[in-house]
Amino acid sequence: MTDASPPHKRRVRYAGTHPRQFEDKYKELDPTRHAAEVDKVMQRGQTPAGMHRSICVDEILAILKPVPGETGLDLTLGFGGHTLAMLPLVQPGGRMFGMDVDPIELPRTTARLRKLGFGEEALSVHRANFSELATLLPQAGGGFDFVLADLGVSSMQIDNPARGFSFRADGPLDLRLDPSSGQSASELLLCVTRHRLRDLLTDNSDEPFAIPLAAALQGQYLETTVQLADLVRATMELAYKRSMPAEERLVETKKVLQRTFQALRIEVNDEFGVLDTMLRDLPACLKPGGRVAILSFHSGEDRRVKKCFQTGERNGTFSSVAADPIRASYDEQRSNPRSSSAKLRWAVRALHGGAVA
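No experiment lies behind these values; they were computed from the predicted model shown.

Draft legend 1. Summary view of the overall build of the protein chain. In terms of helices and strands, the protein chain carries 13 helices and seven strands. Looking at the 357 residues of the protein chain, the share that counts as buried comes to 49%. A sequence separation of at least 24 residues applies to 69% of the contacts in the protein chain between residues at least 6 apart. Here the protein chain has roughly 17800 Å² of accessible surface; of this, 53% comes from carbon and sulfur atoms.

Here it is in structure tokens:
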């Protein structure tokens, strides 16, 4: 060994079998090199860091029935799991379109799918909000044979503290799917009125403690997810009855935190507004006999999808719709707990007629 030899650097040590920090989970973040570690995480019923486990894949394929030569659209490309399952089914001669508003995850997903051999002729990817689906019609030949929308926030977004989607880790209080557009949750709390904050907590997440939470959060300068979570916890300690057992307080406070973050995320991304626009334009983007499947994850979304489909069936736009939502199987809910709140609804575009807006 000469004096010019570089000093030996020890390999970074993996932080045990259950690393807590997102950055420490480097084996999960590199599944091609550490497939065994990823499998262990999934066997525990967890989602590996940086990965998203697509929900109700078999049920969606049974509804959409992709066949060779058809043109399909995944309105929420995300990690690409649903699209990856459909791409081989439309070959030869078919094509998938994928949309996503996330400027961080979309390039990674696109690169991953391209590496698997799906070029532009098989998969056309677009960075856009799904409310803009009609802009793809010229490229799709005037309509789609089937359309999928998964309305859930992906695991990659939730688990990465830098995205600020979760109260479980310290990160910027942002909550935007597209960090380059609109105002962050931190900015929202500074300028929103107490009355408006109370309403959005109620409307977006059915929060029963909306009044004390709005009073505590409105006008506060909170930069991080932990600061918001701590203020919510302090507020709830004052709101609970003194007789409430400590264990019950912990359980209820976790629910309040989940609902608060959900309500703010829906507001900063205008999730209900863009969903209403997408549902309005959806029928005109389906070919006669075209199929649509939509996965929703809370009551506000599901009510909108249900009403759209039922109205479309009554006016002849849809020939048939789901009578009841489809839920993830027991086995899927057990292996992937994030699937437990999912509701899957479907509809089929009528072959003739119908009152399309």
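Draft legend 2. Spatial organisation of helix H9 (residues 225–239). Across its 15 residues, H9 extends 21 Å between first and last C-alpha, which sits within 8% of the 21 Å expected from 1.5 Å per residue. When we look at burial in H9, the residues that qualify are Thr 225, Leu 228, Ala 229, Val 232, Thr 235 and Met 236. Buried positions in H9, seen along its axis, are confined to an arc of 125 degrees and lie on one side of it. For H9, the secondary structure elements touched by its buried residues are helix H6 (185–191), helix H8 (210–217) and helix H10 (246–268).

Draft legend 3. Focus on the pattern of salt bridges. On inspection of all chains with the given rule, the structure shows 18 salt bridges. A salt bridge links Lys 287 to Asp 145, with the nearest nitrogen and oxygen atoms 3.4 Å apart. In this pair, Lys 287 is assigned in strand E5 (residues 286–296) and Asp 145 in strand E4 (residues 144–150), connecting sequence segments 142 residues apart. Among the residues examined, Asp 145 registers a relative accessible area of 12% and is labelled buried. When the shortest N-O distance is used, the salt bridge between Arg 259 and Glu 207 registers 2.7 Å. Within this pair, whereas Arg 259 is found in helix H10, its partner Glu 207 is found in the loop between helix H7 (194–205) and H8, the two being separated by 52 residues in sequence.

Draft legend 4. Representation of the sheet that holds strand E3 (residues 123–127) within the structure. Read across the open sheet, the seven strands follow the order E3-E2-E1-E4-E5-E7-E6; overall the sheet is mixed. At either margin of the open sheet sits one strand with a lone partner, and together these are E3 and strand E6 (318–321). Ignoring which end each strand starts from, the neighbouring axes of this sheet average 15 degrees apart. With five bridges joining them, strand E2 (residues 95–100) and E3 adopt parallel strand pairing. Residue pairing across strands places Phe 97 opposite Ser 124, the latter belonging to E3. Each of E2 and E3 is contacted by helix H4 (residues 105–115), which is oriented at about 170 degrees to E3, the strand it contacts most. Packed onto the sheet, helix H11 (residues 271–285) meets E4, E5, E6 and strand E7 (343–349) and runs at close to 150 degrees relative to E5.

Reading the values: the criteria
- Residues numbered from 1 in each chain as written.
- Predicted model: local features only at pLDDT ≥ 70, side-chain atom pairs only at ≥ 80, totals over all residues.
- Heavy atoms only, no water.
- Helix = DSSP H or I, 4+ residues; strand = E, 2+ residues; numbered from the N terminus.
- Buried < 20%, exposed > 50% of the residue type's maximum accessible area, 1.4 Å probe, protein only.
- Contact = heavy atoms within 4.5 Å.
- Areas by Shrake-Rupley, 256 points an atom, 1.4 Å probe, with all protein chains shown as cover.
- Expected span 1.5 Å × (residues − 1).
- Arc of directions from axis to C-beta.
- Salt bridge = Lys/Arg side-chain N within 4 Å of Asp/Glu carboxyl O.
- Pairing = 2+ DSSP bridges.
- Axes fitted to C-alpha atoms, helices over the stretch in contact; angles between N-to-C directions.

Treat this as a map of the structure, not an account of what it does.
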